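Working through the structure, step by step
What follows is the residue order along each chain.
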Amino acid sequence: MNQDEMKRAVAIAAVEMILPKLERQSIIGVGTGSTANFFIDALAKHRDEFAGAVASSEATAARLRQHDIEVYDLNSVSQLEFYIDGADEFDNGFNLIKGGGAALTREKIVAAVAKKFICIVDETKKVDVLGRFPLPIEVIPMARSYVGRQLAALEGQPAYREGVVTDNGNIIIDLHDVEILDPKVFERHLNNIVGVVTNGLFANRGADVILMGTPQGVQTLKRD
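Quick notes on the rules
- Residues numbered from 1 in each chain as written.
- Predicted model: local features only at pLDDT ≥ 70, side-chain atom pairs only at ≥ 80, totals over all residues.
- Heavy atoms only, no water.
- Helix = DSSP H or I, 4+ residues; strand = E, 2+ residues; numbered from the N terminus.
- Buried < 20%, exposed > 50% of the residue type's maximum accessible area, 1.4 Å probe, protein only.
- Pairing = 2+ DSSP bridges.
- Axes fitted to C-alpha atoms, helices over the stretch in contact; angles between N-to-C directions.
- Contact = heavy atoms within 4.5 Å.
- Polar contact = N/O pair within 3.5 Å; in protein donor to acceptor, adjacent residues only side chain to side chain.

Glycine aside, a negative phi is what most residues show, and trans is what most peptide bonds show. Although it is not a glycine, Asp68 adopts a positive phi angle of roughly 60°. Here Asp68 shows up in the loop between helix H3 (58-66) and strand E3 (80-85). Overall, Asp68 belongs to the exposed group, its relative accessible area being 59%. At Ala102, a residue that is not glycine, the phi angle is positive and equals roughly 70°. Along the chain, the position of Ala102 falls in the loop between strand E5 (96-97) and helix H4 (104-113).

We now examine the sheet that holds strand E8 (residues 157-160). If you trace the four strands from one edge of the open sheet to the other, you get E8-E9-E7-E10, paired in antiparallel fashion. Each end of this open sheet is capped by a strand with a single partner; those strands are E8 and strand E10 (196-199). For this sheet, the mean angle separating the axes of adjacent strands, direction not counted, is 25°. Sheet topology places E8 next to strand E9 (residues 171-176); four bridges connect them, and they run antiparallel. Each bridged residue has a counterpart across the sheet, and for Ala159 the counterpart in E9 is Asp174. Across the face of the sheet, H4 comes into contact with strand E7 (135-139), E9 and E10 while running at roughly 65° to E10. Where helix H6 (residues 183-191) meets the sheet, it contacts E7, E9 and E10, and its direction lies at approximately 165° from that of E10.

Moving on to the side chain of Glu89. Position of Glu89 relative to the elements: it lies in strand E4 (residues 89-90). From its side chain, Glu89 meets the backbone nitrogen of Gly131 in a polar contact 2.9 Å long. For Glu89, the side chain forms a polar contact with the main-chain nitrogen of Phe133, separated by 2.5 Å. Among residues more than four places away in sequence, those in contact with Glu89 are Asn95, Leu96, Ile97, Lys125, Val127, Leu130, Gly131, Arg132 and Phe133.

Structure follows, in structure tokens:
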């Protein structure tokens, strides 16, 4: 299987995993990106079996609506059974880097509400130590220079992502060339920098299940 075929396979596997546990009133959280899009397309065949979804981005909301899946505002939802999303990297501790599509803040909010976070990825996203993929950090625009200086004091190279504005009206700074040896501590440290909205480390709320596509098929990885 090529990469798109692996993405499609894990998307279908995620649908098959959650369907037996969905009820007509169930609402699920849906992430952003190419793998999440495959999930939405597979989920659409079963849209009459659940109430609808909360989207982590405007792009995801639009794709859900194209499939006639009702999109709910998270403020009107008290609980999500599942959150399904991809990742840019993951490690053996089920810690993730997300935010390549600049939707990290809304993704993190939706993931926090969900009872179970199912991450769907292909095997190219697996690493021993997070940081090969540049770590996205969402920043209030007026704090761009200040946050950049704070990040420059850390090991790694911060770079402003030109031309990108998040759905929240903020900017993205990507932190390159950093080895993240303690993701939970590093996530909290970055979030304590004034002007940072949040960063793309999903460690303090990592994945519960990882469905990993390989040329041989889908592997299911679960926390011990």
